[in-house]
Structures are given as C-alpha cells and as structure tokens.
Amino acid sequence: MAVKGNRNLKKNEADFIVLFATMTLLAIGLVMVFSASWYMVSSSRGDVYFHLRRQAFWAVLGLGGLIFFSNYSYWKLKRWINLSLLLSVILLLAVFIPGVGMEIYGARRWIGVGGLTAQPSDLAKVSLILFAAAYLSRKDIQIKDFFRGAFPVLAITGLFFLLILRQPDLGTAVAMAAAVMVVVFVAGMPLKQIAAIGAVALPAGFYLMASEPYRLRRLLSFRDPWADPLDTGYQIIQSLYALGPGGLFGVGLGHGRQKMFYLPEPHSDFIFAVIGEELGFIGTASVVILFALLLWRGFKIALMAPDSFGSLLATGITAMIGIQALMNIGVVTGSIPVTGINLPLISAGGSSLLFTMCSIGVLLNISKYTKT
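Computed from a predicted model, the values in this text were never measured in an experiment. Sequence order as written defines residue numbering, which begins from 1 separately in each chain. The predicted origin of the model limits local features to residues at a pLDDT of at least 70 and limits the giving and counting of side-chain atom pairs to 80 or more, whereas totals for whole chains, interfaces and linings rest on all residues. Neither water nor hydrogens contribute to the side-chain values; these are computed over all heavy atoms in the structure.

Peer 1: Would you mind showing me how to read the side chain of S127 here?
Peer 2: Residue placement: S127 occurs in helix α5 (residues 120-136). For S127, a relative accessible area of 2% corresponds to the buried category. Whenever two N or O atoms come within 3.5 Å, that pair is a polar contact, provided that in protein one can donate a hydrogen and the other can accept it, and provided that, for residues adjacent in sequence, both atoms are side-chain atoms. Engagement of the side chain of S127 in a polar contact is seen with the backbone oxygen of S84, the distance being 3.5 Å. When neighbours within four sequence positions are excluded, S127 is seen to be in contact with S84, L85 and S88. Numbered from the N terminus, helices here are DSSP runs of H or I no shorter than four residues, and strands are runs of E no shorter than two. Only protein chains enter the accessibility calculation, which uses a 1.4 Å probe. A residue is then buried if its area is under 20% of the maximum for its type, exposed if over 50%, and partly exposed in between. Contacts are assigned to residue pairs with any non-hydrogen atoms lying within 4.5 Å of each other.

This is the structure we're talking about:
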C-alpha cells in the first residue's frame, strides 16, 4: 500500500493498554532502579541518586521519542532504513576502536559520549526489524523461494549477529535473531525452510556455547549452580536467594539485602530478583502481567494493521520486547543459562530504554490506523 494512500486512512486513538502498560513498567523501573542501586552507589560514589538521575534522564528522552514516533507516520520510516542500517554497522564496528569503544568486564559493547554510554546493538536491533518488515512486505518478494524471499534479511541478520557476538554479547545476538525469525515466519516463510534453519542454528548454538570457556562454564553451572557456588554458579544462587525470602508480599521496598554487594548488577540484569525480594510474588507477578498485556496488545495491533508493513513491523517490535523480557526473567529465575540481557523498560540502561520507548511509539502509531 502506498504511503500517499495510507495518509487517507481514518485515524483512531492510540492503543491505551499499550500506553498504560508501558508507563506503568517505566514507573516501576524508576522506583526499582533507585531501590536496587542506592546502597551500592552510596558506598562507591557517595551519591545515592546517581543511577536514578541517569535513568530519569533517559526516561525523559524516551518519553520524547515515544511521543514523536507515535505521531510520525510509520510509513515514513522506510526513508531511513538504509541510513539506519549503515549507521548501525559503523557503530557496531566503532566499539572496537580504542578511545571510542568502552571495555567493561572484558566486553566491548558500549560507546562513551561525555559521561553517557550507549550500546550500538540497541540501534541495530530496531534497524534490523525495520528493514525486515519493509523488505518482506514488498509485493515483488517471493517468500516461498528462499533466495528470492528471506535470504537478504537473514544475510544482514547474520552480519549483525557476528558483529554483536564479537563484542561479545551472545544474549543480545540471540534475542535479535529470534525476533527476526518471528517476523520471517509471520511473513509466510515455509515451515520446512524454518526447520532447516533451526537444524543448522541448533548445533551452531551449542558450538558457540562450548567454544568459549566462560560460556561453557556458565552452561555447566546452569545444570548445578551449587557445584561452583563462588564462581560460575554465584549469580544464579544469589538471584534465587533474593527471590526466595520475598514470599508473597516481599520484605518491603528498599529493605532487600541481596543488593548489598551480594547480587551482581542488581539495578540492571538482575533487577527482577530485587523486585521479587522486596515486593514478593505480588510484585513479580504484576510485572509479568504488564508485559503480557503489552505483548497481547502488540500482537493484536499487528493482526489489525492496515498493511503488511505495519503488521510485520508491529510483530517485530512486540517480539523483540517479549523475547528480551522472557530471557531476562528466565536467567533471574534460573530457567536458562546466564546471559547479559536486561529487562525492557525496567532495568537501568540508557540506550536500551530510549530505543525501546521509541519502538513502542512506532507501535502506538500503527495502532492509530488499525482496522476496527
């Protein structure tokens, strides 16, 4: 459907449930980032509001992005696809340049700008979803023919996957690839082709896990964290120690103990464990329900979108948020091996929060044109 024709569609109100779930998760995130980080930064920096101020700054930028993209016709995004892909590649390579990229805990995933840091992979994920949706929605694409269909999308996904893996960041690379596969599946790729890709990807995934000693140790410790409680099993054990005492209602907001230098990254990767300790099952269940509402409405928007581009774009955005949330909660609860991936809208992380909210702004814009 042409851009000009789509402008004549009657606009609806933006999806209220998506907006409600997003703003509630954002508010929970701000409160929990402060609660999870104040003790740590009071000892190291003497400023209990350090992480709260940073998160609030990115939240304000994110709100601006959400408002802008919710009012920016999503068809116009096609104009920026090539530029965003090129910029993503440049920034993914820039993390390896000394003085530009930042190395933290042995990984080079960040670019520093003044006192702020950003992860180029956050832009890469959004750019790839946008490209996949635009390319696969073209009328001249023969989706049932592998090389005339999804191959270009999978090729660029493979390039981004390798660049992110090199940082190294296997969790983000897997989440990105999984979201693209959801888009490809919805676009109509035959199941036998998807099965063939899975048959190749599964052993490749095991190889990637076993090829690096630290990944192999994480995989083995996942089976029995208490076999190595002071090293590879430490993160999972401390996370479970946080979730366990929380019970039904938690020990009280701000009263958790595991954030006091026991639980690693309590304000980012393991913030869900802090929620479980301080707010209990009620708190964690509320977060899960809010994500479930967001995913339900996101996929409904995809189903009711006025064209295939909007449908695939809404699918990709929703799948990306859902996969990241599922992976993070899976790690915190000991359901999957430890990967460094944050909880969307809640974990501390500037560029992640910014691009997630901009993506939700796009989702809200698509919802304005959904068929009733």
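Peer 1: Hey, could you run me through the environment of F161 in this one?
Peer 2: You can see F161 is positioned in helix α6 (residues 151-165). Through-space distance from the C-alpha of F161 to that of A195 is 19 Å; in sequence the pair is 34 residues apart. Apart from the residues within four sequence positions on either side, F161 is in contact with L170, A173, V174, M176, A177 and L208.

Peer 1: What should I look at first to understand the packing of helix α2 (residues 16-44) against helix α3 (residues 50-70) in this one?
Peer 2: Angle between the axes and distance between the axes: these two values describe a pair of packed helices. At their nearest, the axes of α2 and α3 sit 8 Å apart, and the two run at 160° to each other. Taken together, α2 and α3 sit at an angle that is classed as roughly antiparallel. Judged by the sense of rotation from one axis to the other, the crossing of α2 with α3 is right-handed. Contacts between α2 and α3 involve L19, T22, M23, L26, L30, V33, F34, S37, M40 and V41 from the first element and F50, H51, L52, Q55, A56, A59, L63 and L66 from the second. For the contact of α2 with α3, a count of residues per class yields 14 nonpolar, four polar and no charged. Axis definition: a line fitted to C-alpha atoms, limited for helices to the stretch in contact. Angles are taken between N-to-C directions and run from 0 to 180 degrees. Any angle between 65 and 115 degrees counts as roughly perpendicular, while under 35 counts as roughly parallel, over 145 as roughly antiparallel, and the rest as oblique. Take the far helix as your reference; a near helix turned counterclockwise from it by less than a right angle gives a left-handed crossing, and one turned clockwise gives a right-handed crossing. Under the convention adopted here, Pro, Cys and the residues Ala, Val, Leu, Ile, Met, Phe, Trp and Tyr are nonpolar, Asp, Glu, Lys and Arg are charged, and Gly plus all remaining residues are polar.

Peer 1: What am I meant to see in unusual backbone geometry here?
Peer 2: For residues other than glycine, phi is negative in most cases, and the peptide bonds are mostly trans. For the bond running from Q167 to P168, omega is -5°, close enough to zero to count as cis. Locating P168 in the fold gives a position in the loop between α6 and α7 (170-187). One non-glycine residue, F261, lies in the positive phi region at around 70°. Relative to the elements of secondary structure, F261 occurs in the loop between α10 (234-246) and α11 (271-304). Using a relative accessible area of 51% as the deciding quantity, one classes F261 as exposed. The phi angle at E265 is positive, at roughly 50°, despite the residue not being glycine. Looking at the secondary structure, you find E265 in the loop between α10 and α11. Of the residues examined, E265 reaches a relative accessible area of 27% and is grouped as partly exposed.

Peer 1: Help me out: how do you make sense of the side chain of S239 in this one?
Peer 2: The topology assignment puts S239 in helix α10. Take S239: its relative accessible area is 0%, and that puts it in the buried class. Ignoring sequence-local partners within four residues, the contact set of S239 consists of L263, F270, A273 and V332.

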